[in-house]
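Secondary and tertiary structure notes
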Amino acid sequence: MRIIGALSANYLQKHMDKLIKYGLWLLVFLLPWQTRWIYQEAYLKDEIFEYGRLSLYGTEIILIAVLCLGLFSYVSKRGRGQLVNDFKAELKSFWLLLVLLAVWSAVAIGWSADKQLAWYAWLKLVEGIGLFWLINKFQISNFKFQISNILIASGLVQAILGIYQFLTQSTFSAKWLGLALNKTEELGTSVVEFADERWLRAYGSLPHPNIFGGFLAVCLVLVILNLWQLNRRLALERPVAKKHYYLNLFYWLALILIGFGLIISFSRSAWLGFGVVFIFLFFRSLFKKLKTERIVNLKAAAAFIMLAVMFLASFPPALITTRFKGQTRLERLSLIERQAALEQSRDILMTSWQLGAGPGNYLIELRRLQPDLYWWQFQPVHNVYLMVLAELGIIGLALFVLIIVFVLKNRSGYCSLLFVLLLIALFDHYLWTLYFGAMLWWLVLAFSYKSERPED
């Protein structure tokens, strides 16, 4: 009977591991799709207040289910004594920082003006930490490489959708896919404006082109890193396996389409994040005389130059130059709004830098301090680090920075992805304020951390 019980337990564990693996694959692939149930609407001065809405995302349901399976699997593999020992060991390692960040955020709810919103923001933080834990504790060989291919496939789908939107200059509404209708003639739609023309920026399935661009920037760097890994294998493989040949073709197709998608996002922060990291990787391969990496980088650079030339030959160059010069009406307005948000953050930081306003309560505090602002002036400051300081105080920011530093000190081969987001975080807030951005942040952080698996 003991043998039968052991076999049954092994069978159950094997299938549970498969469910966790496929669940994570599904989560990563569907993450950009914004299907959600808004179970509590929020308004600010009679206008919809996006940052106060309480929502349950479709991918969030998948994440919670996989987290429950992961915790059950983790506990079932260990006896009570081992669990206690493991917990004590973790509290002496990097994981203590993650626990402290979650605990401090929960404590900060106590002085939050809107406690319901604070609990909601805290739950999203815990889910992100849970995603980080799953990816780094789930013991399957070559798992990060597998899931990276799923992420690239997801980016490829988004790029194709974005290209369709740009070429047709229209989006379409699909409620169950989380897609909203955006028209170039409507106020609030993200466009590039010059002379008497308004060109729609690509959204993909995401709520803003900057988020779309940031996601594609991460995927594009990931394509390059996987091309390195695959081409090192191909150099030693004779004959080349068919699956590796087709995987190589998939990567190059993804590089071209995702690269074009990044261009038509017209996101300056995404361009900067990708450009700086790619230039660093390019010169690193030259200085360190990494032959395979150098060849891949040269081919990728040639592909990007070709894309840029084709774009400038096919579309008005002003689409690009307008974004850099910042002299048109919309560009000046964007810069003015960002500057205003930065000045508003100073008022909040003057009163909240010690303990913070509480998770998700930045704009609630801004409304208290500056109640006479128009509804459209209530925007988060476009800087993740200032957002963390304003909401969690100096202790929260210190924990946040220490987590980044520890990951960089114990980095995996995917750490270049983190540098993309660290640069974007200087110029945008969605990695902290929006569900998708937060999950992307913790996903990239998990990729960048060197866990105990051999391939990391």
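For the structure itself, consult the block above.
It should be emphasised that the depicted structure is a prediction, and the values quoted were computed from it without experimental measurement.

**Points about the overall build of the chain**
Along the backbone of the chain there are 17 helices and 6 strands. Over its C-alpha atoms the chain spans a radius of gyration of 23 Å, differing by no more than 12% from the 23 Å that the globule rule assigns to 456 residues. Across its three principal axes, the chain shows a C-alpha extent of roughly 75 × 60 × 45 Å. Across the 456 residues of the chain, 53% fall into the buried class. Within the chain, contacts between residues separated by at least 24 positions form 74% of all contacts whose residues are at least 6 apart in sequence. Here the chain has roughly 21700 Å² of accessible surface; of this, 67% comes from carbon and sulfur atoms.

**Focus: the packing of helix 9 (residues 268–287) against helix 10 (residues 291–314)**
Where helix 9 meets helix 10, the axes come as close as 8 Å, and the angle between the chain directions of the two elements is 140 degrees. Taken together, the axes of helix 9 and helix 10 lie oblique to each other. The two elements helix 9 and helix 10 cross, and the hand of that crossing is left-handed. Together, Phe 274, Phe 278, Leu 281, Phe 282, Ser 285 and Leu 286 of helix 9 and Glu 293, Arg 294, Asn 297, Leu 298, Ala 300, Ala 301 and Phe 304 of helix 10 make up the contact between the two elements. Class assignment of the residues belonging to the contact of helix 9 with helix 10 gives a composition of 9 nonpolar, 2 polar and 2 charged.

**Some details on the environment of Val 192**
Inspection of the secondary structure puts Val 192 in strand 5 (residues 191–194). By relative accessible area, Val 192 is classed as buried at 0%. Along the sequence, Val 192 and Cys 68 sit 124 residues apart, while their C-alpha atoms lie 44 Å from each other. Excluding its chain neighbours within four sequence positions, the residues that come into contact with Val 192 are Glu 197, Arg 198, Trp 199, Arg 201, Phe 266, Leu 319, Thr 322 and Arg 323.

**Focus: the packing of aromatic side chains**
Going through the model one piece at a time under the given rule, you end up with 38 aromatic pairs. Here Tyr 164 and Phe 172 contribute two aromatic rings whose centre-to-centre distance is 6.2 Å and whose plane-to-plane angle is 65 degrees, an arrangement assigned as edge-to-face. Among the residues examined, Tyr 164 registers a relative accessible area of 40% and is labelled partly exposed. The exposure class assigned to Phe 172 is partly exposed, which follows from its relative accessible area of 35%. Clustering of aromatic rings is evident, with ring pairs tying together Phe 166, Trp 199, Phe 260, Phe 266, Trp 271, Phe 311, Phe 315 and Phe 324. When the ring centre of Phe 145 is taken as origin, the NZ or CZ atom of Arg 233, which lies over that ring, is 5.9 Å away.

**Description of the pattern of salt bridges**
Scanning all chains against the criterion turns up 10 salt bridges. Among the salt bridges present, the one from Glu 193 reaches Arg 198, with a minimum N-O distance of 3.1 Å. We classify Glu 193 as buried; its relative accessible area is 12%.

**Looking at a nonpolar patch on the surface**
A cluster of nonpolar side chains, namely Leu 96, Val 99, Leu 100, Val 103, Val 107, Trp 111 and Leu 355, defines an oily patch on the protein surface of about 520 Å² accessible area. In this structure, Leu 355 sits in the loop between helix 12 (329–352) and helix 13 (362–369). Given a relative accessible area of 40%, Leu 355 falls into the partly exposed group.

**Regarding the packing of helix 7 (residues 209–236) against helix 15 (residues 416–424)**
Put simply, helix 7 and helix 15 touch, their axes get as near as 9 Å, and they point 155 degrees apart. The pairing of helix 7 with helix 15 is recorded here as roughly antiparallel in orientation. Like other packed secondary-structure pairs, helix 7 and helix 15 cross with a definite hand, here right-handed. Residues Gly 214, Ala 217, Val 218, Val 221, Leu 222 and Leu 225 of helix 7 form the contact with helix 15, whose participating residues are Ser 416, Leu 417, Val 420, Leu 421 and Ile 424. Here the contact of helix 7 with helix 15 is composed, by residue class, of 9 nonpolar, 2 polar and no charged.

**Looking at the nonpolar core**
If you look at the biggest cluster of nonpolar residues, it comprises 140 residues, and the most contacted ones within it are Leu 24, Leu 255, Phe 311 and Trp 441. Ranked by the residues each element gives to this core, the list is headed by helix 7, at 17 residues. If sequence neighbours within four positions are ignored, Trp 441 has contacts with Phe 400, Ile 404, Leu 418, Leu 421, Leu 422 and Leu 431.

**Describing helix 5 (residues 115–137)**
With 23 residues, helix 5 should reach 33 Å at 1.5 Å per residue; the first-to-last C-alpha distance of 32 Å fits that figure. Between the side-chain oxygen of the N-cap and the backbone nitrogen of Gln 116 there are 3.3 Å, and the N-cap of helix 5 in question is Asp 114.

**Description of the environment of Gly 155**
Examined against the element boundaries, Gly 155 turns out to sit in helix 6 (residues 143–168). Residue classification places Gly 155 among the buried positions, given a relative accessible area of 0%. In sequence terms Gly 155 and Phe 29 are 126 residues apart; their C-alpha atoms lie 8.3 Å from each other. Contact partners of Gly 155, with chain neighbours within four places excluded, come to Phe 215, Leu 216, Cys 219 and Ile 258.

**A word on the state of the cysteines**
According to the stated counting rule, one finds 0 disulfides in the structure shown. Looking at the unpaired Cys 219, the closest cysteine sulfur is the one in Cys 415, lying at 17 Å.

**Considering the pairing of strand 5**
Alternating positions in strand 5 separate into two faces, Val 191 and Glu 193 on one and Val 192 and Phe 194 on the other, with burial throughout. As paired elements, strand 5 and strand 6 (residues 197–200) share 4 bridges and run antiparallel to each other. Bridging across to strand 6, Val 192 finds its partner in Trp 199. The turn linking strand 5 back onto strand 6 is made up of 2 residues, and Ala 195 within it adopts a positive phi angle of 50 degrees.

**Looking at unusual backbone geometry**
At Ala 195, a position not held by glycine, the phi torsion is positive, near 50 degrees. As for its placement among the helices and strands, Ala 195 is situated in the loop between strand 5 and strand 6. Although it is not a glycine, Phe 266 sits at a positive phi angle of roughly 55 degrees. Within the secondary structure layout, Phe 266 lies in the loop between helix 8 (242–265) and helix 9.

Conventions we followed
- Residues numbered from 1 in each chain as written.
- Predicted model: local features only at pLDDT ≥ 70, side-chain atom pairs only at ≥ 80, totals over all residues.
- Heavy atoms only, no water.
- Helix = DSSP H or I, 4+ residues; strand = E, 2+ residues; numbered from the N terminus.
- Rg over C-alpha atoms; globule rule 2.2 N^0.38 Å.
- Buried < 20%, exposed > 50% of the residue type's maximum accessible area, 1.4 Å probe, protein only.
- Contact = heavy atoms within 4.5 Å.
- Areas by Shrake-Rupley, 256 points an atom, 1.4 Å probe, with all protein chains shown as cover.
- Axes fitted to C-alpha atoms, helices over the stretch in contact; angles between N-to-C directions.
- Parallel < 35°, antiparallel > 145°, perpendicular 65-115°, else oblique.
- Left-handed = near helix turned anticlockwise from the far one by under 90°.
- Nonpolar A, V, L, I, M, F, W, Y, C, P; charged D, E, K, R; others polar.
- Phe/Tyr/Trp six-rings, centres within 6.5 Å; stacked < 30°, edge-to-face > 60°.
- Lys NZ or Arg CZ within 6 Å of the ring centre and 35° of its normal.
- Salt bridge = Lys/Arg side-chain N within 4 Å of Asp/Glu carboxyl O.
- Patch = residues over 30% accessible without salt bridge, like charges linked within 9 Å, V, L, I, M, F, W, Y side chains within 5 Å.
- Core = buried A, V, L, I, M, F, W, Y, C linked by side-chain atoms within 4.5 Å.
- Expected span 1.5 Å × (residues − 1).
- Polar contact = N/O pair within 3.5 Å; in protein donor to acceptor, adjacent residues only side chain to side chain.
- Disulfide = S-S within 2.5 Å.
- Pairing = 2+ DSSP bridges.

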